Amino acid sequence: MRVIHAAAGLAVVLALTGCQRTSMGGFSSQDSSPAPLQAQPVPSVSSNQLPDPTGNTSQFPAAPTAGTAIAGGAQAAGTQVAAAGGGLDVTKESMVGNWRVSSAGSSCDMFLTLTNLGSGSRGGTRGCAGELTAMGSWEVAGKQVVLKDRTGNAIARLYKTADARFDGSTNGGQPVSLSR
């Protein structure tokens, strides 16, 4: 038992002898900290009243009306999207796995699992841009696949258009395609 205590004590002594001071000045009593930064002049700040956003609305596009067409042949009615004509049946099990995503001219990866997360199943994206970066879950609702953000809000809706292909759009109107 004493051999173990002696070996442990020797290990501690050896470890402490390996420690060294990392400052540049050695052991001198001079302060080796860098000199403080000098204050720099700051330009003056001006303030003005912002224009009334309800006054001149010519700089904004017209608000969409109910039934306005969006990419993918779907119809917008608020945040609800009607099924695309001829949408194929979808099962949750067929969605599980890796998908290649095309959206807004770029491509990225999407991973879908059956692990429960809130009202949907866990999912995520890698290398995506725009609204799809916030994707955290998904669910199958009828013939559509709904992609949701991490708080459970729908961010995109997709419909099966071929055996290993889904097409739809984000809430912002960007077309989205999934393929394997």
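Thresholds applied
- Residues numbered from 1 in each chain as written.
- Predicted model: local features only at pLDDT ≥ 70, side-chain atom pairs only at ≥ 80, totals over all residues.
- Heavy atoms only, no water.
- Helix = DSSP H or I, 4+ residues; strand = E, 2+ residues; numbered from the N terminus.
- Buried < 20%, exposed > 50% of the residue type's maximum accessible area, 1.4 Å probe, protein only.
- Contact = heavy atoms within 4.5 Å.
- Areas by Shrake-Rupley, 256 points an atom, 1.4 Å probe, with all protein chains shown as cover.
- Phe/Tyr/Trp six-rings, centres within 6.5 Å; stacked < 30°, edge-to-face > 60°.
- Lys NZ or Arg CZ within 6 Å of the ring centre and 35° of its normal.
- Pairing = 2+ DSSP bridges.
- Axes fitted to C-alpha atoms, helices over the stretch in contact; angles between N-to-C directions.
- Disulfide = S-S within 2.5 Å.

1. Here we look at the overall build of the chain
Point 1. Tallying secondary structure elements over the chain gives 2 helices and 11 strands in all.
Point 2. Start at the N end of the chain and walk to the C end: the helices and strands fall as α-β-β-β-α-β-β-β-β-β-β-β-β.
Point 3. In the chain, buried positions account for 24% of the 180 residues.
Point 4. Long-range contacts, defined here as pairs at least 24 residues apart, represent 31% of the contacts in the chain between residues at least 6 apart.
Point 5. On the chain, roughly 12500 Å² of surface is accessible, and the fraction owed to carbon and sulfur atoms is 58%.

2. Structural notes on the side chain of serine 103
Point 1. With respect to the secondary-structure elements, serine 103 resides in strand 4 (residues 97–103).
Point 2. Serine 103 gets classed as buried once you look at its relative accessible area, which sits at 11%.

3. Some words on the packing of aromatic side chains
Working definition: an aromatic ring pair is given by the centre-to-centre distance plus the angle between the planes.
Point 1. Enumeration according to the criterion identifies 1 aromatic pair in this entry.
Point 2. Geometrically, the ring pair formed by tryptophan 99 and phenylalanine 166 is edge-to-face, given 5.4 Å between the ring centres and 85° between the ring planes. In this pair, tryptophan 99 is assigned in strand 4 and phenylalanine 166 in strand 10 (residues 165–170), connecting sequence segments 67 residues apart. A single burial state applies to tryptophan 99 and to phenylalanine 166, both of which are buried.
Point 3. One cation-aromatic arrangement involves lysine 92 over tryptophan 138; the distance from NZ or CZ to the ring centre is 5.8 Å.

4. Considerations on the pairing of strand 8 (residues 144–149)
Along a regular strand, successive side chains alternate from one face of the sheet to the other.
Point 1. Across the 6 residues that make up strand 8, a large majority, 6, are buried.
Point 2. Here strand 8 shows two buried faces, one formed by Gln144, Val146 and Lys148 and the other by Val145, Leu147 and Asp149.
Point 3. Pairing between strand 7 (residues 135–141) and strand 8: 6 bridges, direction antiparallel. Each bridged residue has a counterpart across the sheet, and for alanine 141 the counterpart in strand 8 is glutamine 144.
Point 4. Taking the residues that link successive antiparallel strands as the turn, the strand 7-strand 8 hairpin has 2 residues, and the phi of glycine 142 there is positive, at about 70°.

5. Focus on the sheet that holds strand 4
Point 1. The 8 strands lie next to each other as 4-5-6-7-8-9-10-11, forming a closed barrel whose pairing is antiparallel. Across this sheet, the average inter-strand angle for adjacent strands is 30°, counted without regard to direction.
Point 2. Where strand 4 lies against strand 5 (residues 106–117), 7 bridges are found, and the strand directions are antiparallel. Along strand 5, the bridge assignment pairs asparagine 98 with phenylalanine 111.

6. Observations concerning the pairing of strand 4
Point 1. Counted along the chain from strand 4 to the antiparallel partner strand 5, the turn is 2 residues long, and its residue alanine 104 has a positive phi close to 55°.
Point 2. Pairing geometry for strand 4 and strand 11 (residues 175–179), over 4 bridges, is antiparallel. Across the sheet, serine 103 pairs through a bridge with valine 176, a residue of strand 11.

7. Points about the state of the cysteines
Point 1. Tallied over the full model, the rule gives 1 disulfide.
Point 2. In this model, cysteine 108 is linked to cysteine 128 through a disulfide, with the two sulfur atoms separated by 1.8 Å. Between cysteine 108 and cysteine 128, the disulfide has an S-S torsion of 75° and is therefore right-handed. Of the two residues, cysteine 108 is situated in strand 5 and cysteine 128 in the loop between strand 6 (120–126) and strand 7; the sequence distance between them amounts to 20 residues. The residues cysteine 108 and cysteine 128 share a single accessibility class, namely buried.

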